[in-house]
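Tertiary structure, described
These are the residues of each chain, in order.
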Amino acid sequence: MTTHRIAVLPGDGIGQEVTEQAVRVLRAVGKISGASFEFEQALVGGAAIDATGHPLPPATLELCKKAHAILFGAVGGPKWENVPHEVRAERGLLAIRKELDLYANLRPATCFSMLVDASPLKRSVVEGTDIMVIRELTGGLYYGEPRGVERFADGGARAVNTMVYTTREIERVARMGFEVARKRRKHLTSVDKNNVLVVSQLWREVVTKVAKDYPDVTLDHILVDNCSMALVHKPTQFDTIVTENTFGDILSDEAAILAGSMGMLPSASLGGTVGLYEPVHGTAPDIAGQGVANPIAAILSAAMLLRYSLNMVREADRIEAAVQRVLEQGHRTRDIAGPKDKALGTKEMGDLIVQHVERG
Ligand code: IPM
Ligand code: MG
């Protein structure tokens, strides 16, 4: 029997609390399915800066490269706001994405029917929303050269970031978009700023060319400003979205609101040989250490890990069904609780989901 080696990188803030619950759920999956998991934990982000001075210590990167999949928490926080830019906690995450060539970031935004009222948007707008945002993750402004700040003698300065994409980078993420759309409702929307940016003109050209290989998928193009409006106006018009790094960062946060809470949203970063799975939410310094964070995004990330890295589809379904059932029974953490609900803590919510996974 193969042992699935999972690198566990809880990171900072609530990352530590929610990742623990996701690991418990995977252990429960091991118990019922007979699959064998080996979890090895490593430092990343602020926790790694404190211990080693670097947000991604070489030992952590080595562990990730040897693992079958990576379960990631979240990085960053006020404590590390003032460290030099190149060793900020966030750099740890950006370096892993690049080192492992994780060029496609899948962020589902599903509005669970029992949580419709947790969204600040009207029921008539969000009901039925089921979007998969695919964000390009290793190119564009985040990594483009040249970049940097030039300081002038008169006290002024000039700062540069570069949005750059090659045909190959666009093509591979576009293919991922079409493949994913094919398994969903066969509708892909490519988001760009084609009316202003030459990078977007190339983006649109390449995506249109790739579409020829996917005649069964309907492709449309939308400008990023318009997309941002449409997401809160008529989100049900979208199925699968594919876009470049920065647009995807912004739009996926916006889409998160459709699902009621950031605390509900998992993600998968794919492309290289090892996939990385992390909740979309950050470290939430305001509630860190209180045991009240919603572990569902982390737990659903573990389900994505089973689905995409280990091909354990039935077990992934089982976790998603367990989450669904716990929510149906009315259990809520603070972020999704209505005025009359009793809010559960992180561990209590984890306990319930583990129980349902074990019971099936
Ligand atoms: C995200 C985050 C990261 C990003 C930060 C923490 C570097 O916002 O995963 O969306 O900008 O990619
Ligand atoms: Mg973001």
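Residues numbered from 1 in each chain as written. Chains lettered and ligands numbered in written order. Predicted model: local features only at pLDDT ≥ 70, side-chain atom pairs only at ≥ 80, totals over all residues. Heavy atoms only, no water.

Looking at the side chain of Ser 267
Short version of the rule: Strands here are runs of E lasting at least two residues and helices are runs of H or I lasting at least four, both read from the DSSP assignment and numbered beginning at the N terminus. To sort residues, take the accessible area from a 1.4 Å probe on protein chains only and compare it with the maximum for the residue type: under 20% means buried, over 50% means exposed, and anything in between is partly exposed. Any pair of N or O atoms that falls within 3.5 Å is considered a polar contact. Within protein, one atom must be able to donate a hydrogen and the other to accept it, and sequence-neighbouring residues count only if both atoms are side-chain atoms.
Structurally, Ser 267 can be placed in the loop between α9 (245-258) and β11 (268-270). Looking at Ser 267, the relative accessible area reads 0%, which means it is buried. At 2.8 Å, the side chain of Ser 267 forms a polar contact with the backbone oxygen of Glu 278.

Side note on the pairing of strand β2 (residues 36-41)
Every regular strand shows the same layout, with side chains that alternate between the two sheet faces. Heads up, the rule is: Any two strands are treated as partners once DSSP identifies two or more bridges connecting them.
The sheet contact formed by strand β1 (residues 3-11) and β2 spans 6 bridges and is parallel. By the bridge assignment for β2, His 4 is matched with Phe 37.

A short note on the site of ligand 1
Selection rule: The criterion for a residue being near a molecule or strand is simple. One of its heavy atoms has to lie within 4 Å of it. Per-residue and other accessible areas follow the Shrake-Rupley method at a 1.4 Å probe size, with only the shown protein chains counted as cover for residues. Amino acid classes used here: Ala, Val, Leu, Ile, Met, Phe, Trp, Tyr, Cys and Pro are nonpolar; Asp, Glu, Lys and Arg are charged; the rest, including Gly, are polar.
Taken together, Glu 90, Arg 97, Arg 107, Arg 135, Tyr 142 and Asp 249 are the residues near ligand 1. One of the side-chain nitrogen or oxygen atoms of Arg 135 is found 2.8 Å away from an oxygen atom of ligand 1. Measuring from an oxygen atom of ligand 1, one finds a side-chain N or O atom of Asp 249 at 2.9 Å. Here ligand 1 loses 76% of its free accessible area of 320 Å² to cover by the protein chains. Partitioning the shell around ligand 1 into residue classes produces 1 nonpolar, no polar and 5 charged.

Quick notes on the sheet that holds β11
Heads up, the condition is: Axis geometry follows a simple rule: fit a line to the C-alpha atoms, using only the stretch in contact for helices, then measure angles between N-to-C directions, giving values from 0 to 180 degrees.
Strand order in this open sheet of 10 strands is β2-β1-β3-β12-β11-β4-β5-β10-β8-β9, and the pairing throughout is mixed. A single partner strand is all that each edge strand has here, and the edge strands are β2 and β9 (218-223). Taken pair by pair, the neighbouring strands of this sheet meet at an average axis angle of 25 degrees, ignoring direction. In this structure, strand β8 (residues 187-192) lies alongside strand β10 (residues 240-243), joined through 4 bridges in parallel fashion. Pairing of Leu 188 across the sheet is with Thr 240, part of β10.

A few points about unusual backbone geometry
Residue Pro 146 is bonded to the preceding Glu 145 through a cis peptide linkage, with omega at 0 degrees. Its location among the elements puts Pro 146 in the loop between β5 (130-136) and β6 (148-151). Its identity as a non-glycine residue notwithstanding, Lys 186 has a phi of 60 degrees, on the positive side. Mapped onto the elements of the fold, Lys 186 is located in the loop between α6 (167-182) and β8.

A word on the pattern of salt bridges
Rules: Salt bridge, as used here: a side-chain nitrogen of Lys or Arg that lies within 4 Å of a carboxyl oxygen of Asp or Glu.
In this structure the tally under the stated criterion is 24 salt bridges. The shortest N-O distance in the salt bridge between Arg 172 and Asp 101 comes to 3.3 Å. You can see Arg 172 sitting in helix α6 and its partner Asp 101 sitting in the loop between α4 (89-99) and β4 (104-110), a full 71 residues away along the chain. Residue Arg 172 is classed as buried on the basis of its relative accessible area, which comes to 15%. Between Arg 147 and Glu 145 there is a salt bridge, with the nearest N and O atoms lying 3.9 Å from each other. Each member of the salt-bridge network shares a partner with another, and the members are Asp 130, Arg 184, Arg 185 and Asp 239.

Some points on the pairing of strand β7 (residues 157-160)
Direction of pairing for β6 relative to β7: antiparallel, over a ladder of 4 bridges. Counterpart to Arg 151 in the pairing with β7 is Ala 157. Linking β6 back to β7 in an antiparallel pair, the connection comprises 5 residues, with Gly 155 at a positive phi of about 95 degrees.

Side note on the environment of Glu 278
Short version of the rule: Every residue pair with non-hydrogen atoms within 4.5 Å of one another is taken to be in contact.
Within the fold, Glu 278 resides in the loop between β12 (275-277) and α10 (296-308). Note: C-alpha distance between Glu 278 and Leu 9 (269 residues apart in sequence) is 9.5 Å. Setting aside chain neighbours within four positions, we find Glu 278 in contact with Phe 72, Gly 73, Leu 93, Arg 97, Pro 266, Ser 267, Ser 269 and Ser 301.

Topic: the layout of surface pockets
Formally: Both site types are read off a 1 Å grid over the protein atoms alone. A 1.4 Å probe that fits but cannot get out defines a cavity, while an open set with protein on both sides within 12 Å along at least five of seven lines defines a pocket; lining residues have an atom within 4 Å of a point. Grid points are joined across faces, edges and corners, and a volume is the space filled by probe spheres set on the points.
Of the voids in this model, the largest pocket is the one considered here, and its volume is about 720 Å³. If you go around the largest pocket, you meet 26 residues; those closest to its centre are Pro 108, Met 132, Arg 307, Tyr 308 and Glu 320. The class makeup of the residues in the lining of the largest pocket is 17 nonpolar, 3 polar and 6 charged. Roughly 430 Å³ of volume is contained in the second largest pocket.

Thoughts on the nonpolar core
To be explicit about the condition: For the purposes of this section, nonpolar cores are sets of buried Ala, Val, Leu, Ile, Met, Phe, Trp, Tyr and Cys residues that join through side-chain atoms within 4.5 Å.
One finds Ile 6, Phe 37, Leu 71, Leu 106, Ile 134, Leu 306 and Ile 353 to be the most contacted residues of the largest nonpolar core, which totals 91 residues. Broken down by element, this core gets its largest block of residues, 9 residues, from α10. Residue contacts for Phe 37: discarding those within four places in its chain leaves Thr 3, His 4, Ile 6, Leu 26, Val 29, Gly 30, Leu 306, Leu 310 and Met 312.

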